[in-house]
Each structure stands twice: as structure tokens, then as C-alpha cells.
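Below, each chain spelled out in residue letters.
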Amino acid sequence: MEFPIGELARRTGVKVPTIRYYEQIGLLPSPPRTEGQQRRYDADHVARLNFIRHARELGFEVDAIRELLAMNAKPEQSCAEVDEIARRHIAEIDRRIAHLTTLRAELQRTVNACGRGRVCECRVIETLADSTHAHSRPTELWSGR
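Visitor: What is the right way to read the side chain of His89 from this model?
Guide: In this fold, His89 is placed in helix H5 (residues 80-112). Setting aside chain neighbours within four positions, we find His89 in contact with Leu58, Gly59 and Phe60.

In C-alpha cells form, the structure reads like this:
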């Protein structure tokens, strides 16, 4: 049974522009098209897109998902490489948690130091305006699409 992209989006919970993006970067194979050039998806697309969606929910980046999909296509192969990808991802999560914990502590100290007076005396505003504080940008912490 084949169906259009809107139905694929409904079945997987993935938005249409994201589906097109995954096709564009090669994570999701391009489906056959009707004579009117409408994409037609099937159960294999649903399964693959669900795999991709779940991997993204777990925070895996596109390159890791690409590797995992390639390994998934060889079910008799050892899963040692899959384990290594997961271990690297866990280490990255731990790094992010440590960084966020540090950021939270700093922000909490700033809030605690606030005298709750006027904005011109606000410690939070003062800290945010201080360009000498160097923190990793969010894109460095949460890269990937």
C-alpha cells in the first residue's frame, strides 16, 4: 500500500519539511512518484522514518544515524560498532549535563545575589551584559538538526 507524504507525516509524527530534508540528505530514500510527480511512500518508509525519529529523540546526530541505519541493514553483523556509537553518544550527553550543571549553578548564584530592586541594579541583567563571561554557545552544546 502506498500513500502520500502527508499520510507518512501522520503515521510517524514527523513534519513534512523534515521528511523532505531527510530525503535531501539521504537518510530517507526518495520514494517513487506518480505520473503527477507526487511522492508515494510505503511501510518500509514508515519503519525507517520511525527509526530516524526515535534516534533523533535520543539526541543522535545525523551522521551517527546514517551509520546506525547502514548497520541496521546488515542484521548478521556484530553490534560492536553500534555499541561504540551509543557509548560515544552517552559520553557527549554526560559532557552536556556537566556543562549545563555548571551553567545552572552560575545562574542560580546570580539570581540569589539579586537584591530584587530596580532593573538598573539587577544582578542578572548585569551578569548577562558582562562580555567577559565566556560560555559555550548553545550551538556548540546542541549541534545537529
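Once the structure has been displayed, the description carries forward.
Visitor: Is there a simple way to explain the packing of aromatic side chains in this structure?
Guide: Given two aromatic rings, their pairing is described by the distance between the two centres and the angle made by the two planes. Applying the stated criterion to the full structure yields one aromatic pair. Note on Tyr21 and Tyr22: the rings are 5.9 Å apart at their centroids and 50° apart in plane angle, and the pair reads as tilted. Judged on exposure class, the residue Tyr21 and its partner Tyr22 are both buried. A cation over an aromatic ring shows up here: Arg11 above the ring of Phe3, its NZ or CZ 4.0 Å from the ring centre.

Conventions and cut-offs
- Residues numbered from 1 in each chain as written.
- Predicted model: local features only at pLDDT ≥ 70, side-chain atom pairs only at ≥ 80, totals over all residues.
- Heavy atoms only, no water.
- Helix = DSSP H or I, 4+ residues; strand = E, 2+ residues; numbered from the N terminus.
- Contact = heavy atoms within 4.5 Å.
- Phe/Tyr/Trp six-rings, centres within 6.5 Å; stacked < 30°, edge-to-face > 60°.
- Buried < 20%, exposed > 50% of the residue type's maximum accessible area, 1.4 Å probe, protein only.
- Lys NZ or Arg CZ within 6 Å of the ring centre and 35° of its normal.

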